There are 2 protein chains.
Amino acid sequence: MTLASTMPGAEFPRLGSEGLEFRIHAPGAHQVKLQLPGDSLGSGSVPFSPEPDGFWHAVISDPAVGFHYYQVEIDALTTNDPGSRTYSGYGRSVSGVEVPDPLEPFELRDVPHGELRSLWFRSTVTRSWRELWVWTPPGYDDDIDRHYPVLYLQHGSGEDETSWSRQGRAGIIMDNLLADGAARPTLVVMGSGYAAAPPSTPLSAVDSAMIIDGLQQLLADDVIATVDRQYRTITDRTHRALAGLSMGGRQALAIGLRRPDLFGWLGGLSPAIWQRGTTDAVWSVEPTWIEDAVRAAGGVRPQQVFLSAGTLEERFVTAVDELAGSLAAAGIDHKSYLSPGTAHEWTTWRRSLTELAPRLFR
Amino acid sequence: MTLASTMPGAEFPRLGSEGLEFRIHAPGAHQVKLQLPGDSLGSGSVPFSPEPDGFWHAVISDPAVGFHYYQVEIDALTTNDPGSRTYSGYGRSVSGVEVPDPLEPFELRDVPHGELRSLWFRSTVTRSWRELWVWTPPGYDDDIDRHYPVLYLQHGSGEDETSWSRQGRAGIIMDNLLADGAARPTLVVMGSGYAAAPPSTPLSAVDSAMIIDGLQQLLADDVIATVDRQYRTITDRTHRALAGLSMGGRQALAIGLRRPDLFGWLGGLSPAIWQRGTTDAVWSVEPTWIEDAVRAAGGVRPQQVFLSAGTLEERFVTAVDELAGSLAAAGIDHKSYLSPGTAHEWTTWRRSLTELAPRLFR
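Remember, it's a predicted structure, so these values are computed and weren't measured experimentally.

Trainee: In this structure, what is going on with the packing of aromatic side chains? I would like to understand it.
Mentor: For any pair of aromatic rings, the description rests on two quantities: the centre-to-centre distance and the angle between the ring planes. Counted under the stated rule, the structure contains 21 aromatic pairs over all chains. Judged by centre distance (5.1 Å) and plane angle (45°), the rings of Y69 of chain A and Y90 of chain A are tilted. Here Y69 of chain A is found in strand β7 (residues 66–69), whereas its partner Y90 of chain A is found in the loop between β10 (86–89) and β11 (92–99), with 21 residues between them in sequence. Classification of Y90 of chain A by relative accessible area gives partly exposed; the value is 38%. On the basis of an interplanar angle of 85° and a centroid distance of 5.9 Å, the ring pair of W133 of chain A and W133 of chain B is categorised as edge-to-face. Within this pair, whereas W133 of chain A is found in strand β13 (residues 128–136), its partner W133 of chain B is found in strand β13 (residues 129–136), the two belonging to separate chains. We note that W133 of chain A, like W133 of chain B, is buried. Each residue in the set F67, Y69, Y87 and Y90 of chain A is aromatic and connected to the rest through ring pairs, giving one cluster. Positioned above the aromatic ring of F106 of chain A is the side chain of R350 of chain A, whose terminal nitrogen or guanidinium carbon lies 4.5 Å from the ring centre.

Below is the structure:
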């Protein structure tokens, strides 16, 4: 079976009777390994077996559903699989594989489809041209008197503005939710979360101010204004949400709690929460983090905070628990969701978006 | 200087004082080479020099402007450069480098920008979901009574529906032309040209029927109807153009000449013209090709045919000359353009679009 992540015309990767099969042409190589992403697909590496004519073959039986990054190690070199599409992750363009499951909410269905739109804007903050990806729901162009709420979605470390639509399938998920009448028609805005720190910097070495303050300024000064000017949006806080995954989850919670005048709804998906001022980041919620933010916001609170993690990513399940406790202490309404059997990976975040979107703007 | 094609956060490739610099981390490698694309950037390969800590460095002094595909050869293995973005070309996801030149018509300027939109449609021809990329001009959403002509742009062999916007910068070129008042506001539709033959098949081995008939059916049965339904188009032949590059140039000319009821304006950019029925493709225009097409179309002719090539790609300059002769003999109005100092590469096609768009729909 052909995969959506396989290059058109390529035979591998594919789903066969043995499982998820990979084939690489590396004549003269001594050793070829499949580097697993450390998610529900597996950790470490899987050896390829040599075949005639310089081909190498590897199989993962019973592969976990959804999108997984991967790489191929050929002798000392780590590289991409030429048979697969590439995705912005790990701070570069890396191979990915998409294991379909018709029961998941992120498969393409025969329902009305929205449009994914890319536009340029000139940032006054970074003093550069930036690309913004905006998903508009089906029928957006038909009724031009209608205005929409907006969900701002932030990607994770090493990813970019294309990740939520490509790896995350945000548009397909929204299409499916809308077809089921499960969510309110919403614009989804996906921009780069890097406004100060470059994506090649390891997250643990990044001061939260570099990650958070730059994006906060970018959203407040450029992005929201661009979106509200270019699209038919409802421009008050009760119709604007900010959510993100991992690094983007930290950004969404921090920015949203400090600027409740901008965002009424927040989502932290596997939020990468660490304490400030430590050289080795401590992956724990700083005791006064939320309290301080609410105080900085003059006591204004978001309408609801959505938190989620995959059951296999312990650190983030803990973060969600700690955050839920802090939010409760600060008197902030919140909901938690755990994705069964998934780790720090896109299936967690796709399912999280499926849980989050129906709760927004109600 | 940072390049638009370099991954955000990566230091290389970059433009330095020595020229276009590449750096690869390949500890333990014996030999590293930069594989040139065989265009105006150069042919063959450039050796990398070893540097401390497993790094390798290569420079191209005075690099040719525009977009160039490239690969890196590490010992026996050909792979991508992790520092660079990847682009659909060569039938897979391959590194590319963008050498800017503010004097070229394809650089981002501070002018109003259109939107690039991606939408799904279900093809009745290929029985699959396909993605269509549609560029809408600035202001498209502002005046909803206005209808627009449509230019259908086809990519080359081994490329896909993303190539004209990413490698080709079609939207940026249209933005610049519109800002200068040089072209008429137009929708630009970019879909995959593969409807029957897979992109991994070498072009010389592909029967023209596989390349042409499938796309003709796809355009006639699915794509035009989808676009005319979803966008505010002017739906007659005098407001619909079909152009393509290389393989797409052959497709555009063949389909357009056979279906002048659908397309009034045609463009063949470096058109890959070969004769049918030969095992080794003869790169020459079949004597009765155009005559036969016009006869099949009941004598109806396109309003104008645009032809172009780069001065460095001899075979295609010859094809343009031969085609111009055949068109003249068939009584079809045509214009030719030669891009100075460029080969079979995107600078030729970007400049060609800049020449073509102002001639359309007049």
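Trainee: Whenever I open this one, the interface of chain A and chain B confuses me. Can you help?
Mentor: Interface size is commonly expressed as the accessible area that is lost once the parts come together. Residue-level contacts link 41 residues of chain A with 41 residues of chain B. Overall, the association of chain A and chain B removes approximately 3,200 Å² of surface from exposure, summing both partners, and the carbon and sulfur fraction of that is 59%. A per-residue breakdown of the area chain A buries against chain B is headed by L77, W120 and W129 of chain A, which together make up 17% of the total. Applying the counting rule to chain A against chain B returns four salt bridges. The tally of links between chain A and chain B comes to 12 residue pairs in polar contact (both at pLDDT 80 or more). Elements that contribute at least two residues to the side of chain A that touches chain B include exactly β9 (77–79), β10, β11, β12 (115–123) and β13 of chain A. It is β12 of chain A that provides the largest number of residues to the side of chain A that touches chain B, a total of six residues. Split into classes, the residues belonging to the side of chain A that touches chain B amount to 20 nonpolar, 13 polar and eight charged.

Trainee: Teacher, can you tell me more about the nonpolar core here?
Mentor: Proteins that are soluble and globular tend to have nonpolar side chains buried together. Judged by nonpolar contacts, the single largest core of 66 residues is most densely connected at L153, W164 and M190 of chain A together with L153, W164 and M190 of chain B. Residues Y152, Y231, L262 and I290 of chain A belong to the second largest nonpolar core, which totals 52 residues.

Trainee: Would you mind going over helix α6 (residues 314–329) of chain A with me for this structure?
Mentor: Structural remark: α-helix, 3.6 residues per turn; residues separated by three or four positions point the same way. Residues and elements named next belong to chain A. For α6, spanning 16 residues, the distance from its first C-alpha to its last is 23 Å, which sits close to the expected 22 Å at 1.5 Å a residue. Considered for burial, the residues of α6 that qualify are F316, V317, A319, V320, L323, A324, S326 and L327. Each element contacted by the buried residues of α6 is listed here: α4 (247–258), α5 (289–296), β18 (304–310) and β19 (334–339). Within two residues after α6, G331 carries a phi angle of roughly 70°, on the positive side.

Trainee: What should I look at first to understand the packing of helix α4 (residues 247–258) of chain B against helix α5 (residues 289–296) of chain B in this one?
Mentor: To characterise two packed helices, one gives the angle between the axes of the helices and the distance between these axes. All names here are of chain B. Viewed as axis vectors pointing N to C, α4 and α5 meet at an angle of 40°, and their least axial separation amounts to 7 Å. Viewed along their axes, α4 and α5 adopt a mutual orientation that is oblique. When α4 is examined against α5, the residues R250, L253, A254, L257 and R258 are found in contact with a partner set consisting of W289, I290 and A293. Its residues assigned to classes, the contact of α4 with α5 shows six nonpolar, no polar and two charged.

Trainee: Help me understand the relation of the copies chain A and chain B, please; the structure alone is not making it clear to me.
Mentor: The operation relating the two chain copies consists of a rotation about an axis and a shift along that axis. The operation relating chain A to chain B is a screw motion whose rotation component is 180°, with 0.0 Å of axial translation and a residual RMSD of 0.0 Å. The transformation just described matches what one would write down for a two-fold rotation axis. Nearest to the rotation axis, the C-alpha of R117 of chain A is located 2.1 Å from it, this being the minimum over chain A. Counting the interface residues of chain A, we find that 100% of their copies in chain B are interface residues as well, pointing to one common contact surface.

What counts, and at which threshold
Residues numbered from 1 in each chain as written. Chains lettered and ligands numbered in written order. Predicted model: local features only at pLDDT ≥ 70, side-chain atom pairs only at ≥ 80, totals over all residues. Heavy atoms only, no water. Phe/Tyr/Trp six-rings, centres within 6.5 Å; stacked < 30°, edge-to-face > 60°. Helix = DSSP H or I, 4+ residues; strand = E, 2+ residues; numbered from the N terminus. Buried < 20%, exposed > 50% of the residue type's maximum accessible area, 1.4 Å probe, protein only. Lys NZ or Arg CZ within 6 Å of the ring centre and 35° of its normal. Contact = heavy atoms within 4.5 Å. Buried area = accessible area lost by both parts, 1.4 Å probe. Salt bridge = Lys/Arg side-chain N within 4 Å of Asp/Glu carboxyl O. Polar contact = N/O pair within 3.5 Å; in protein donor to acceptor, adjacent residues only side chain to side chain. Nonpolar A, V, L, I, M, F, W, Y, C, P; charged D, E, K, R; others polar. Core = buried A, V, L, I, M, F, W, Y, C linked by side-chain atoms within 4.5 Å. Expected span 1.5 Å × (residues − 1). Axes fitted to C-alpha atoms, helices over the stretch in contact; angles between N-to-C directions. Parallel < 35°, antiparallel > 145°, perpendicular 65-115°, else oblique. Least-squares fit on C-alpha atoms with pLDDT ≥ 70 in both.

On their own, these measurements won't tell you what the molecule is for.
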